[in-house]
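Breakdown of the fold
What follows is the residue order along each chain.
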Amino acid sequence: MKRASDFRFKHGYLIHQIFVVTLTTLSAIVILTPVVWMINAAMRPIKEVLTYPPQLDPSQLTFEYMASLIENELYRGYFVNSSIIALSTLTIVIVLGLLAAYGFSRFKMAGGRIMLLGIMALLMLPTVTLIVPYFRLAHLAGLYDTRLGLIIVNSAFILPICIWLLKGYMDAIPVDLEEAAMIDGCTRLQALQKILVPLAVPGIVGTGTFAFIFAWNEFLLAVTLTDTPDAQPLTIGLAAFFGQFVRDWNSIMALSTITSIPLMIIFVLFQRWVVQGMTSGAVK
Amino acid sequence: MRDEGTSPAAAPATGQETMIGERTATGPGRPRRLPWRQMNGYYFVGPAILFFLFVSIFPLLRTIQMSLVDVEAGVPSFVGIRHYANLVQDPWFWNSLSNVLTFTVSSVILHISMGMGLALLLNEEWFNTTLRNFMRGLLILPWVFSTASSGLMWTLLYHPFGLLNYMWVGLLGQEAPIEFLAKPGLAMASVVAVNTWKSYPFYMIIILGGLQAIPAEIYEAAKVDGANAWKRFWHVTLPQLRPILIAISTIDIITTVGHVDLIRMLTRGGPLRSTETVAYYIYKTALLDGNLGYGAAVSTLMLIMLAILIILYLRVLSQGDEAGETSF
């Protein structure tokens, strides 16, 4: 890569371009192999997954395994749970996050800096250090094995990064716009609603995508706080399925693919804003 | 809100005064803050802070309290520091501590070097921006998958009849397949490989953001002075990225130390407990063996170690703030 830049001077633009594009493409191919392999295994006719040499013939593909999983009520239940948990978590963290980010970005408060540092510290708090009290408290509060319990604790771990990302966005929006609106007779809440939120939409979308992916993929809290398929999300379903049908790689990979499809769709749609949010957060 | 009572005409006048005062107090480069009714900020941050108090801070204190109590007997009884005394003599705790050290150091080095390499490639001049953005999307993709899915993908690749062993046995003509996840020495390396694959995109994107923020003039000046690509990387890129690299290595250390799900999916701590990290040990003692008090003691110890790291990091961050490195 460094040599490539030298080539640009000595041998011109073309060699540099070929070098950069080839190296990136090769990396991408190596990096995406596990994903392609998962999807391939999910659609192979039975027993073809673990054969020498590996089968890649596209005319043989079948949707049988994915279809039978979608028809299975147990797995539909996991899917519904994951959706409810991820969407509710997303709503909570965006609402609380927007308000807090606005407060930190636009007001000078006594103790504001301490609170921000505290949120920074919470951002880095590993989930595993709280599973013991959560397990106990969820039993005491009657939230064990409920989706509500999972939504609350998921939110606690996602909210700090949301506040941080959203604050970064709001800091970048000039205050003058709100001042103007408030001089024109808007209340502060109206100014927030009509001026700031529309301007912060890319930030909200990026942060929201981040929060959704996080909540959808959460595993440790779910394994700690749930016990039955009534409240368990897909990640637990996946682990349970793997434990139960160790040899049925077609179905395991089919379920794994189904679990990942919503994420891949969301990511393709919102990638730009997620990347924007993460890079602007870094520059600060 | 109380603002509704404020006369719109009076607001800008008081605003200007506070603004000037604030400027001199906090120095340049700060975002301007709305001047009216400074106290109202608490209405906005209040809900989030209350939420944290109940759902994060209170359980955090409970962790410490539970580590001093034996709860599995049904009736909680105070046992003082007995759990900690046992902990010091517990060879499996020391085993998990040495495992997490290997796991974290190798993961962090690999995340950052891989993220750096790919970010540098993406930051080069591309003849086609769409292609570059497409490649960036593909390279981020592993980050999107859940640890559960990634664990299963790699278990299939690592399988004695999987793709990697097909290459090893089928293409390289070796005798026996490699037991990636079942050989004590190799299992940790296999887990680190999956963790690297899963997490490098996050660091790649942050480094890319940092690279894009380095002013082009510095590179131009370095070129004029005759610095080659390697020297430019070493004397311009790395020093400019320093604050970001400090930040992401701290965040990465803490995230990696906390991984349970990855190990749960791939090895369950085995073989011979060679991939059992402190985090997995907490999960195992507290949830699988039902020894909540002991699990809480390990958690508290982990919290103390991480708190030291976090405080050091926040120190660096505040110093950077004074020096104008970050605007946090």
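The model shown is predicted, which means the values in this text are computed figures rather than measured ones.

**As for the overall build of chain B**
Of regular secondary structure, chain B possesses 13 helices and two strands. Counting every position in chain B, which comprises 328 residues, the buried fraction comes to 38%.

**Digging into the confidence of the model for chain A**
With 89% of its residues at a pLDDT of at least 70, chain A reaches an overall mean of 83. Between the elements of chain A, mean pLDDT differs from a low of 50, seen in helix α1 (residues 2–10) of chain A, to a high of 91, seen in helix α11 (residues 220–225) of chain A.

**Here we look at the interface of chain B and chain A**
Between chain B and chain A, the residue contacts involve 96 residues of the former and 94 residues of the latter. When residues of the side of chain B that touches chain A are assigned to their parent elements, the largest contribution, 16 residues, is made by helix α2 (residues 41–66) of chain B. Broken down by class, the residue content of the side of chain B that touches chain A amounts to 66 nonpolar, 22 polar and eight charged.

**Some remarks on helix α10 (residues 201–217) of chain A**
For α10 of chain A, spanning 17 residues, the distance from its first C-alpha to its last is 24 Å, which sits close to the expected 24 Å at 1.5 Å a residue. With 13 of its 17 residues buried, α10 of chain A lies for the most part within the structure.

**Re unusual backbone geometry**
Backbone geometry at D145 of chain A places phi at a positive 60°, although glycine is not the residue there. Tracing the chain through its elements places D145 of chain A in the loop between α6 (131–141) and α7 (147–171). Look at D145 of chain A and you get partly exposed, because 16 C-beta atoms sit within 10 Å. Look at R273 of chain B: it is not a glycine, yet its phi comes out positive at around 60°. Secondary-structure assignment places R273 of chain B in the loop between α11 (261–266) and α12 (278–288). The partly exposed category is assigned to R273 of chain B, around which 18 C-beta atoms lie within 10 Å.

**A closer look at the packing of helix α2 (residues 13–43) of chain A against helix α5 (residues 129–144) of chain B**
How two helices sit against one another is set out by the angle between their axes and by the gap between those axes. Closest axis-to-axis distance for the α2 of chain A/α5 of chain B pair is 9 Å, and the angle between their directions is 35°. Our pair here, α2 of chain A against α5 of chain B, has a crossing hand that is left-handed. Along the contact surface, α2 of chain A presents T24, S27, A28, I31, L32 and V35 of chain A, while α5 of chain B presents M135, L138, L139, L141 and P142 of chain B. Looking at the contact of α2 of chain A with α5 of chain B residue by residue, the class counts come to nine nonpolar, two polar and no charged.

**Quick look at the environment of G80 of chain B**
All names here are of chain B. Within the secondary structure, G80 sits in the loop between β2 (77–78) and α3 (82–89). Accessibility expressed as a C-beta count within 10 Å gives 9 for G80, which makes it exposed. Along the sequence, G80 and S199 sit 119 residues apart, while their C-alpha atoms lie 39 Å from each other.

**Some remarks on the nonpolar core**
What tends to happen in soluble globular proteins is that the nonpolar side chains get buried as a cluster. If you look at the biggest cluster of nonpolar residues, it comprises 154 residues, and the most contacted ones within it are C162 of chain A together with I207 of chain B. A total of 16 residues in this core trace back to one element, the largest contributor, which is α7 of chain A. In this structure, this core is formed jointly by two domains, domain 1 (2–62) and domain 2 (67–283) of chain A, each of which donates at least three residues. When residues no more than four places from it in sequence are discounted, the contact partners of I207 of chain B are G115, M116, A119, L241 and I244 of chain B.

Conventions and cut-offs
- Residues numbered from 1 in each chain as written.
- Chains lettered and ligands numbered in written order.
- Predicted model: local features only at pLDDT ≥ 70, side-chain atom pairs only at ≥ 80, totals over all residues.
- Helix = DSSP H or I, 4+ residues; strand = E, 2+ residues; numbered from the N terminus.
- Buried ≥ 20, exposed ≤ 12 C-beta atoms within 10 Å, placed from the backbone.
- pLDDT = per-residue confidence, 0-100.
- Contact = placed C-beta atoms within 7 Å.
- Nonpolar A, V, L, I, M, F, W, Y, C, P; charged D, E, K, R; others polar.
- Expected span 1.5 Å × (residues − 1).
- Axes fitted to C-alpha atoms, helices over the stretch in contact; angles between N-to-C directions.
- Left-handed = near helix turned anticlockwise from the far one by under 90°.
- Core = buried A, V, L, I, M, F, W, Y, C linked by C-beta atoms within 7 Å.
- Domains from an automatic or database assignment.

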